[in-house]
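Listed below are the residues making up each chain.
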Amino acid sequence: MPYIASAPLSKPADLIKAADHSSVSAQAGPDDLAALTRADFPLLADQACLGQPLIYLDHAATSQKPRAVLDALQRYYTHDNANVHRGAHQLSARATDAFEGARDKTARFVGAATPREIVFTRNASEAINLVARSWGDAFLRPGDEILLTVMEHHSNLVPWQQLAERTGARLRHAGLTASGELDLEDLRSQISERTRLVSVVQISNTLGCHNPISAIAELTHAAGALLLVDACQSLPHLPVNVQNLRADFLVGSSHKLCGPTGMGFLWAREALLEAMPPFLGGGEMIQDVYLDHSTWAELPHKFEAGTPAIGEAVGMGAALDYLSALGLDRIHAWEQRLTAHLFQRLQAIDGLRVLGPTPQQQPDRGALAAFVVEGLHANDLAALLDASGICIRSGHHCTQPLHRHYGISGSARASLSFTTTFAEIDRFAEELESSVAFLREHS
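The rules we used
Residues numbered from 1 in each chain as written. Predicted model: local features only at pLDDT ≥ 70, side-chain atom pairs only at ≥ 80, totals over all residues. Heavy atoms only, no water. 1 Å grid on protein atoms, 1.4 Å probe; cavity = no way out; pocket = protein on both sides within 12 Å on 5 of 7 lines; lining within 4 Å. Points joined across faces, edges and corners; volume = space filled by probe spheres on them. Helix = DSSP H or I, 4+ residues; strand = E, 2+ residues; numbered from the N terminus. Nonpolar A, V, L, I, M, F, W, Y, C, P; charged D, E, K, R; others polar. Phe/Tyr/Trp six-rings, centres within 6.5 Å; stacked < 30°, edge-to-face > 60°. Buried < 20%, exposed > 50% of the residue type's maximum accessible area, 1.4 Å probe, protein only. Lys NZ or Arg CZ within 6 Å of the ring centre and 35° of its normal. Salt bridge = Lys/Arg side-chain N within 4 Å of Asp/Glu carboxyl O. Pairing = 2+ DSSP bridges. Axes fitted to C-alpha atoms, helices over the stretch in contact; angles between N-to-C directions. Contact = heavy atoms within 4.5 Å. Core = buried A, V, L, I, M, F, W, Y, C linked by side-chain atoms within 4.5 Å. Left-handed = near helix turned anticlockwise from the far one by under 90°.

**Student:** Got a sec to walk through the layout of surface pockets? Specific residues and values, please.
**Tutor:** In this structure, the second largest pocket occupies an estimated 350 Å³ of space. Together, 22 residues line the second largest pocket, and A60, H153, N205, Q233 and K256 are the ones closest to its centre. Here the element with the most residues in the lining of the second largest pocket is helix α5 (residues 124-139); it accounts for 3 residues. Taken together, the residues of the lining of the second largest pocket break down into 8 nonpolar, 10 polar and 4 charged.

**Student:** Please set out the packing of aromatic side chains residue by residue, giving values where relevant.
**Tutor:** Applying the stated criterion across every chain, the model contains 9 aromatic pairs. Relative to F120, the ring of F99 lies with its centre 5.3 Å away and its plane at 70 degrees, an arrangement referred to as edge-to-face. Here F99 is found in helix α4 (residues 90-110), whereas its partner F120 is found in strand β2 (residues 118-121), with 21 residues between them in sequence. This pair shows no difference in class: F99 is buried, exactly as F120 is. Note on W334 and F422: the rings are 5.6 Å apart at their centroids and 85 degrees apart in plane angle, and the pair reads as edge-to-face. With a gap of 88 residues between them, W334 in helix α12 (residues 328-347) and F422 in helix α15 (residues 422-442) connect regions that are remote in the sequence. With a relative accessible area of 4%, W334 lands in the buried category. Taken together through their ring pairs, the aromatic side chains of F41, Y322 and F418 make up a single cluster. One cation-aromatic arrangement involves R103 over F120; the distance from NZ or CZ to the ring centre is 4.6 Å.

**Student:** I'd love a proper account of the pattern of salt bridges, names of residues and values included.
**Tutor:** Evaluated as defined, the whole model comprises 23 salt bridges. Residue E100 is joined to R103 by a salt bridge in which the shortest nitrogen-to-oxygen separation is 2.7 Å. On the criterion of helical spacing, the pair formed by E100 and R103 is a turn pair, its members being 3 residues apart in helix α4. The two residues E100 and R103 agree in class, both being buried. Two residues, D426 and R345, come together in a salt bridge whose shortest N-O distance is 2.8 Å. With a gap of 81 residues between them, D426 in helix α15 and R345 in helix α12 connect regions that are remote in the sequence. Judged by relative accessible area, R345 falls into the partly exposed class, the value being 23%. Among the charged side chains, a network of salt bridges with common partners joins E145, R170, R172, E193 and R194.

**Student:** Please provide a residue-by-residue account of the pairing of strand β9 (residues 286-289), values included.
**Tutor:** For β9 and strand β10 (residues 294-296), the ladder comprises 3 bridges, and the chain directions are antiparallel. Looking at β10, one finds that I286 is bridged to W296. If you look at the hairpin formed by β9 and β10, you'll find 4 residues sitting between the two strands.

**Student:** Tell me what's going on with the sheet that holds strand β15 (residues 411-415), and back it up with residues and numbers.
**Tutor:** Spatial ordering of the open sheet is given by β11-β12-β15-β14, a layout of 4 strands whose pairing is antiparallel. In this open sheet, the two strands that pair with only one neighbour each are β11 (352-354) and β14 (393-395). Within the sheet, the average angular offset between the axes of one strand and its neighbour, ignoring direction, is 30 degrees. Alignment of strand β12 (residues 368-373) against β15, held across 4 bridges, turns out to be antiparallel. Residue F371 lies in a different strand from β15, and its bridge partner there is A412. In this fold α12 packs onto β11, β12 and β15, with an angle of close to 10 degrees to the strand it touches most, β12.

**Student:** So, the nonpolar core: which residues are in play, and what are the values?
**Tutor:** Counting 100 residues, the largest nonpolar core has L250, L346, F371, F418, F428 and L432 as its most contacted members. Counting residues per element, this core draws most heavily on helix α11 (residues 310-326), which supplies 10 residues. For F371, the contacting residues outside a window of four places in its chain are L346, L352, R353, V354, L381, S411, A412, R413, A414, F428 and L432. If you look at the next biggest cluster of nonpolar residues, it comprises 28 residues, including A124, W135, L140 and A169.

**Student:** Can you explain the environment of C49? Please cite residues and give values.
**Tutor:** Locating C49 in the fold gives a position in the loop between α2 (33-37) and β1 (55-56). Using a relative accessible area of 41% as the deciding quantity, one classes C49 as partly exposed. Residue contacts for C49: discarding those within four places in its chain leaves D386 and A387.

**Student:** Explain the packing of helix α3 (residues 67-80) against α11 to me, using residue names and the numbers behind them.
**Tutor:** The N-to-C vectors of α3 and α11 enclose an angle of 150 degrees; their axes lie 8 Å apart at closest approach. Note on packing geometry: the crossing formed by α3 with α11 is right-handed. For the pair formed by α3 and α11, the contact residues are A68, V69, A72, L73, Y76 and Y77 on the first element and I310, G311, E312, V314, G315, A318, A319 and Y322 on the second. Of the residues assigned to the contact of α3 with α11, the class counts are 11 nonpolar, 2 polar and 1 charged.

Structure follows, in structure tokens:
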């Protein structure tokens, strides 16, 4: 059974009342999450240059932080700041309760069987490196295979490349369909008795495609291999339950979950973590230390060397409370409407091509659109939009192999959140169309 923490989640109405959201419109419909939540995010009320409204459409890179998270950080550093676990005084006890409370919340958020399965890391990249360095170095041999996809973020490519160099393992990569979705048949054909690990993103940060993790898990486990899921782009946007996905490892990052930077986590099945050696050595991860050898702490602490990011963990816990109170099903439904509108507006722009499946092809795709405009550079588009107060991302989005697959050096990307409004999407589309016309005229 999934772990259930003793403290119940706040209901959305309770959360709103607790945060004193007096400026939230009482007329907001139950499905309009932007109207319900925007007052919680101070930065979204800022003005851009020349007094223009700031429009933030870069949520896939990092999310904005609600007052509940900012208040949790301030409260911890103001009233509870101390080191955790080994202190006997009251500040240390409170800090430890808050820190481990965040672990409980993370376990509940992903449906872990126990908080012992949650290892705190600096980010999702470190979590993947932990698996590669600990499980990979211990269990992979020459000739073993790691199956990835061409759409993976660099964080889910580079650690495996390094592991292959250390161990003699071989990397394989599943391809894409014409619509920009994972070619499941290609992945199926590449799984063999030599496959030891399949590591795949749940929602691509560039294509936006939603990969069929449960089907991948079935294929992976049938071959006797393990499955790692990069859930950075899915956790903030839809319900994710590791039991339902049948994953073996899953990684997430706080800063994409409305939480602080410098904080992430690895979930792994307890039996796997027990079998894996420590990744880093030092304080906190030990049981006993002698001059010539040491013994390790129990899970999950044997993987958490040194003083952890205590305040950041507390902030992430507050962010998970906030998202859970809103409801991930509700967030996903609202963002699906926003995404459909975004695609409708982008598809009307002459010469613009969006990478990945459309909402018609894949209704549960991610709430983002990476696109290219014929004859124009993505950086030029982003710069002109920034001058109008609109923040998007341009470049390769840490997916250089994917961009090479499409024969392009980079793309522009607009990514949404439950705080995004239809009016923001409309203004973005209008300014983008104007920027395209300006660049074409002056190129």
